[in-house]
Amino acid sequence: MKPFVFIVFVFGVLFKLEAQADFLTLAEQKICDQIKTDDVKIHLVADSLFQYVDEEGDLKTKAYLHYWKALGYYHSSEQPLDSITKYASKSQELFLKINDSNGLFETHTLLGKTLLFLSDWINADSHFKRAKQFANTDFKRFRSEVDDGFKYIFKDQIDSAFVHLYAAKKTLPQLNPQNCWFDFYKTDLYINLGMAEIRRVDYANTDYEKSIKYFKRAIKSYELSETKGIENYLFCLINISYCYRKSGFFHVKSIHLDSARFYLRKYIDLVEKSDIKDKYGKLDGAYGNLGWQLFAEGKAKEGIYEVQRSKDYLDSMYSNLLEKKALEINNSYENKLKNQRIEYLNSENEQIRKNFFLTRIILLIIFLLVVILTLAFFRFRQKNRLLKKQQQEIIQIKDQLEVLLREIHHRIKNNLQVISSFLGIQKRNPNTLDTEVILSQCQDRIQTISLMHEQLYSQKEFEYIAIKFYLKKIIKNHIDTSFEAQNIDVNDKIENHSIDFERGLSLGIILNELLVNAAKYAFVDKRKGSISIVFKKKPSGFLFEVSDNGIGFPDNFAEENSNQSGIGYQIIWAMVNKLNGAMDFKSYKGAIISISFPY
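Because the structure is predicted, anything quoted here is derived from the model rather than measured.

## Brief notes about the overall build of the chain
Here's step 1: In terms of regular secondary structure, the chain is built from 22 helices and 7 strands.
Here's step 2: Going through the 599 residues of the chain one by one, you find that 43% of them count as buried.
Here's step 3: A separation threshold of at least 6 residues defines the contact pool for the chain, and within that pool the share at least 24 residues apart is 64%.
Here's step 4: Looking at the chain as shown, the accessible area adds up to about 33,600 Å², and 55% of this sits on carbon and sulfur atoms.

## What about the confidence of the model for the chain?
Here's step 1: For the chain, the average pLDDT comes to 77, and 70% of its residues sit at 70 or higher.
Here's step 2: Mean pLDDT values for the elements of the chain range from 48 in helix H1 (residues 2-17) up to 95 in strand S5 (residues 541-548).
Here's step 3: Across residues 1-10, confidence stays below pLDDT 50; counting only partners more than four residues off in sequence or on other chains, it has 9 contacts.
Here's step 4: Confidence drops under pLDDT 50 across residues 13-19; counting only partners more than four residues distant or on other chains, this segment forms 11 contacts.

## Re the packing of helix H4 (residues 59-75) against helix H6 (residues 101-117)
Here's step 1: In the contact formed by H4 and H6, the axes pass within 11 Å of each other and the chain directions differ by 30 degrees. On the basis of the axis angle, H4 is roughly parallel to H6. Where H4 crosses over H6, the handedness of that crossing is left-handed. Touching Tyr64, Tyr67, Ala70, Leu71 and Tyr74 of H4 are Asn102, Gly103, Glu106, Thr107, Leu110, Lys113, Thr114 and Phe117, all from H6.
Here's step 2: Residue classes in the contact of H4 with H6 are distributed as 7 nonpolar, 4 polar and 2 charged.

## Quick look at the sheet that holds strand S7 (residues 591-597)
Here's step 1: The strand order S2-S4-S5-S7-S6 describes an open sheet built from 5 strands, whose pairing is mixed. The strands lining the two open edges of the sheet, one partner per strand, are strand S2 (488-494) and strand S6 (582-587). Strand-to-strand twist of the sheet, defined as the mean angle between neighbouring strand axes without regard to direction, takes the value 10 degrees.
Here's step 2: Relative to strand S4 (residues 529-538), S2 is paired through 7 bridges, and the arrangement is parallel. Counterpart to Lys493 in the pairing with S4 is Val534.

## Some words on H4
Turn by turn, an α-helix covers 3.6 residues, leaving residues three or four places apart pointing in a common direction.
Here's step 1: Compared with an ideal rise of 1.5 Å per residue, which puts 17 residues at 24 Å, H4 spans 24 Å between its outermost C-alpha atoms and is within 8% of the ideal.
Here's step 2: When you tally the buried positions in H4, you get 14 out of 17 residues, the bulk of the element.

## Comments concerning the pattern of salt bridges
Two side chains that carry opposite charge are able to pair once their charged atoms sit near each other.
Here's step 1: Under the criterion given, the structure shown has 14 salt bridges.
Here's step 2: One salt bridge connects Arg141 with Asp138, and the closest N-O pair in it is separated by 2.7 Å. One end of the pair is Arg141 and the other is Asp138, both in helix H8 (residues 138-154) and 3 residues apart, which spans about a single turn.
Here's step 3: For Arg141, a relative accessible area of 40% translates into the label partly exposed.
Here's step 4: For Asp500, the salt bridge identified is with Arg503, shortest N-O distance 2.9 Å.
Here's step 5: In this structure Asp500 comes out as partly exposed when scored by relative accessible area, which is 22%.
Here's step 6: Via salt bridges that share partners, Asp125, Lys129, Lys132, Asp148 and Lys151 belong to a single interconnected network.

## Some remarks on the side chain of Thr107
Here's step 1: Considering the arrangement of structural elements, one finds Thr107 in helix H6.
Here's step 2: Polar side-chain contacts of Thr107 include one of 3.2 Å to the backbone oxygen of Leu104.
Here's step 3: Contacts of Thr107, omitting those with residues within four sequence positions, involve Tyr67, Ala88, Ser91, Gln92 and Phe95.

## Some details on the pairing of S5
In regular strands, side chains alternate between the two faces of the sheet.
Here's step 1: The element S5 is extensively covered by neighbouring structure, given that 7 of its 8 residues are classed as buried.
Here's step 2: Across 8 bridges, the pairing between S4 and S5 is antiparallel. Bridge pairing links Phe535 to Phe544 in S5.
Here's step 3: Joining the antiparallel neighbours S4 and S5 is a turn of 2 residues.
Here's step 4: As paired elements, S5 and S7 share 6 bridges and run antiparallel to each other. Bridge pairing in S7 links Phe542 to Phe597.

## Looking at H8
Here's step 1: Here H8 is 17 residues long and its end C-alpha atoms lie 24 Å apart, about the 24 Å a rise of 1.5 Å per residue gives.
Here's step 2: Most of H8 is tucked away: 13 of the 17 residues are buried.
Here's step 3: Asp156 sits one or two residues past H8 and shows a positive phi near 65 degrees.

## Points about the nonpolar core
Here's step 1: Leu110, Phe142, Trp181, Leu189 and Phe215 are the most contacted members of the largest nonpolar core, which totals 69 residues.
Here's step 2: For this core, the element with the highest residue contribution is helix H10 (residues 182-204), accounting for 10 residues.
Here's step 3: Leaving out residues up to four positions away in the same chain, Leu110 has contacts with Tyr67, Ala70, Leu71, Tyr74, Ile84 and Ala88.
Here's step 4: Core analysis: the next-biggest nonpolar cluster, separate from the first, contains 48 residues, Ile467, Phe483, Ile533 and Ile593 among them.

## Digging into the environment of Arg200
Here's step 1: Along the chain, Arg200 falls in helix H10.
Here's step 2: The class for Arg200 is partly exposed, based on a relative accessible area of 28%.
Here's step 3: With 38 residues separating them along the chain, Arg200 and Phe162 place their C-alpha atoms 10.0 Å apart.

## Thoughts on a nonpolar patch on the surface
Here's step 1: A surface patch of nonpolar side chains, amounting to about 540 Å² of accessible area, comprises Leu364, Phe367, Leu368, Val371, Ile372 and Leu375.
Here's step 2: In this structure, Leu368 sits in helix H17 (residues 350-428).
Here's step 3: In this structure Leu368 comes out as partly exposed when scored by relative accessible area, which is 43%.

Here is what the cut-offs are and how they apply
Residues numbered from 1 in each chain as written. Predicted model: local features only at pLDDT ≥ 70, side-chain atom pairs only at ≥ 80, totals over all residues. Heavy atoms only, no water. Helix = DSSP H or I, 4+ residues; strand = E, 2+ residues; numbered from the N terminus. Buried < 20%, exposed > 50% of the residue type's maximum accessible area, 1.4 Å probe, protein only. Contact = heavy atoms within 4.5 Å. Areas by Shrake-Rupley, 256 points an atom, 1.4 Å probe, with all protein chains shown as cover. pLDDT = per-residue confidence, 0-100. Axes fitted to C-alpha atoms, helices over the stretch in contact; angles between N-to-C directions. Parallel < 35°, antiparallel > 145°, perpendicular 65-115°, else oblique. Left-handed = near helix turned anticlockwise from the far one by under 90°. Nonpolar A, V, L, I, M, F, W, Y, C, P; charged D, E, K, R; others polar. Pairing = 2+ DSSP bridges. Expected span 1.5 Å × (residues − 1). Salt bridge = Lys/Arg side-chain N within 4 Å of Asp/Glu carboxyl O. Polar contact = N/O pair within 3.5 Å; in protein donor to acceptor, adjacent residues only side chain to side chain. Core = buried A, V, L, I, M, F, W, Y, C linked by side-chain atoms within 4.5 Å. Patch = residues over 30% accessible without salt bridge, like charges linked within 9 Å, V, L, I, M, F, W, Y side chains within 5 Å.

Here it is as structure tokens:
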């Protein structure tokens, strides 16, 4: 906290004692020096300096304070992209009002870089192009070329990146090295060249010599400057180690592998001594890379050892005890590494190296074979499990189909027996009817059974049916065939309930017989008739009621019904008995037949 208070104090004194132009010039120098460290607090300083600016104060000072705040966020460890965009946009608006070309160059450049991280390529490119319009000095043009190179590396357009980076490199000798930002952007140029070369080599599968050269230049530029921060320096070390490692394995040059380990060690040492953000994460990755390289060199035991160290560093984020243990392992490993190094330098015989290389190749082949066989085994086992599962499903489907087929045969048998019973009742009827009437009645009864099957299979449910839709189909069938011609209206209040197949069929047969009887006997004077049908659920069971406004029942109807003299009512009584129900007849403004049966 003390360094931050000191920085605020220095900027406040500058603001109070110096004129506006001098303040901005000196403040920019201080900010440049501050950004070269890893403890950037420029955004906090800018917040504190706002207290020295009046509400109607100078727009230029306000604009730069907003810009410095955005710049501080950009170089901070958290790097909140939304805050950077917010304050950079505010400063851009103010710079545009006062037509400050230097401020517009800086804000457009900062917004372009920020939008790259947000993957907003179109707007990022637009800001970089606007920044170029305000690049009125050699150093600004140099910075624009470096930023364009960074932009194209970010977009993975390596050839375009090289065009701008080489243009920036060409103008480098013409620049004033005393400029505050010279070392910063010179290092940035070589880092971008190194990264572009890495991308090109990774795609072209050639060598990494140019990348190594550029990263070495970036390291040298860093070491010669007064910059105290180490983030860019660590970035160079880890990437040059990567280049040496890739080059060593591609060209089988052990000296490159030695260099890779050297720079990786240097990277590890610096990280261990620092308090930078994500320290343990960086060490975890570095030791992981070192372990992978040793394993690939054939030093499996050492490689596994380094990978374990990587895990120990990862665990140390959660436990101080594991951190101490990792330090002990590190000291032990250093001694082992020195012994291995001495032994390796003493054995320079070419034949041994060839045998060693051949051994690595054989081990690699064996490893690949083991991996391939393991994968093949797991795939075979997975396919075998899938096949067994499919076989079980087929057996289950087969069993279901057999059960379904038996059920269909059983229901067809029962329905044929019902039809046979209808015909038997008709045959035993003492009242002889003509053939056309008998066939019409049989047709209606068979149609009723057919509608049940149609309803059953259309809903793909073989145990229960929606009784409302089934009964309505029977009603519609009678309306279409006879009721419309006889000027008979049908009103229904049928609740929708799920009824099992057998009871649903019994209700349908009863309804068919009652509708036939109503059309035949209720409206003998051929007047306009009305039939009402009710089906509802009551606490004691279901109620099924059919009524009409016809002539009603004769006085001795109940007695005749008990003697079962009518064919239709013989069928109705048979179905009511099948429902375990009771039937009641009333004559009130017509005929009312009520049937109740349990759930």
